[in-house]
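Residues per chain are reported as follows:
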Amino acid sequence: MTTYVISVPGTFTAGIEDDTRSRLARALRPADPHGTRMGSAEDLDVLSVNEDNTFTLRLTVDADTGPHAEQEARRVAGSALRDAGLDEGSAPLGPAVITGIDSELR
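Analysis parameters
- Residues numbered from 1 in each chain as written.
- Predicted model: local features only at pLDDT ≥ 70, side-chain atom pairs only at ≥ 80, totals over all residues.
- Heavy atoms only, no water.
- Salt bridge = Lys/Arg side-chain N within 4 Å of Asp/Glu carboxyl O.
- Helix = DSSP H or I, 4+ residues; strand = E, 2+ residues; numbered from the N terminus.
- Buried < 20%, exposed > 50% of the residue type's maximum accessible area, 1.4 Å probe, protein only.
- Pairing = 2+ DSSP bridges.
- Arc of directions from axis to C-beta.
- Contact = heavy atoms within 4.5 Å.
- Axes fitted to C-alpha atoms, helices over the stretch in contact; angles between N-to-C directions.
- Phe/Tyr/Trp six-rings, centres within 6.5 Å; stacked < 30°, edge-to-face > 60°.

### Some points on the pattern of salt bridges
Applying the stated criterion to the full structure yields 2 salt bridges. For R75, the salt bridge is made with E72, and the minimal N-O distance between the two is 2.6 Å. Here R75 and its partner E72 are both found in helix 3 (residues 66-83), 3 residues apart, which amounts to about one turn of the helix. Given the relative accessible area of 26%, E72 is considered partly exposed.

If you want it as C-alpha cells, here you go:
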C-alpha cells in the first residue's frame, strides 16, 4: 500500500458560508495531508478556497495504484461535501490528480 496526496479541484457555484466551510474541513480531517512527510514539509492545507470560489481539496489516501488512489480521493471528497450539506450542483468537482506519493519503498 502506498499513501498518495491527491488534489481534487472544484467550484462552489454559490459561494461558501463559514459554517459550511468548517463542516467541510471537519469532514475532511481524516484525509488531511499534514499526516504525511510531504504535507508537513509543504504545509498542505486540506481545503484551499480562492476568491473566485474555486477550491482545491488535498487529500491523503492509501491505495495500491495511482488510479485507485484518484478514485478513492473522489469518493472521500464527494462524501465530505455531502456531509457538509453540499451536492454536485453546488460544488462540482474536477478531475483528481496525484500531487505526491509518500512510500516507504526505496
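Still to come is the rest of the account.
### Quick look at the pairing of strand 3 (residues 54-63)
Most of strand 3 sits out of view: 7 of its 10 residues are buried. Pairing between strand 1 (residues 2-11) and strand 3: 10 bridges, direction antiparallel. Across the sheet, the residue bridging to G10 is F55, located in strand 3. Both strand 2 (residues 47-49) and strand 3 contribute to a ladder of 3 bridges, which runs antiparallel. Within strand 3, the residue paired with V49 across the bridge is F55. Hairpin connection from strand 2 to strand 3: 4 residues lie between these consecutive antiparallel strands, with N53 at a positive phi of about 70°.

### Some thoughts on unusual backbone geometry
With a phi angle near 70°, N53 is a residue other than glycine that sits in the positive phi range. Its place among the elements puts N53 in the loop between strand 2 and strand 3. Given a relative accessible area of 26%, N53 falls into the partly exposed group.

### Notes on helix 1 (residues 18-28)
The complete set of buried residues in helix 1 reads T20, L24 and L28. The buried residues of helix 1 occupy one face: seen down the axis, they fall within an arc of 70°. Buried positions along helix 1 lie against strand 2, strand 3 and helix 3.

### Focus: the sheet that holds strand 4 (residues 97-102)
In space, the 4 strands of this open sheet follow the order 2-3-1-4, with antiparallel pairing throughout. The sheet is open, and its two borders are formed by strand 2 and strand 4, each paired with just one other strand. Across the sheet, the mean angle separating the axes of adjacent strands is 20° when strand polarity is ignored. On the sheet, helix 3 packs against strand 1, strand 3 and strand 4 and is oriented at approximately 125° with respect to strand 3.

### Quick look at the packing of aromatic side chains
Aromatic ring pairs are reported here in terms of the distance separating the ring centres and the angle at which the planes meet. Here the structure, examined in full by the defined rule, presents 1 aromatic pair. Ring geometry for F12 against F55: centres 4.2 Å apart, planes inclined by 25°, an arrangement best described as stacked. Placement of F12 in the loop between strand 1 and helix 1 and of F55 in strand 3 is noted, with a sequence separation of 43 residues between them. Judged by its relative accessible area of 2%, F55 falls in the buried class.

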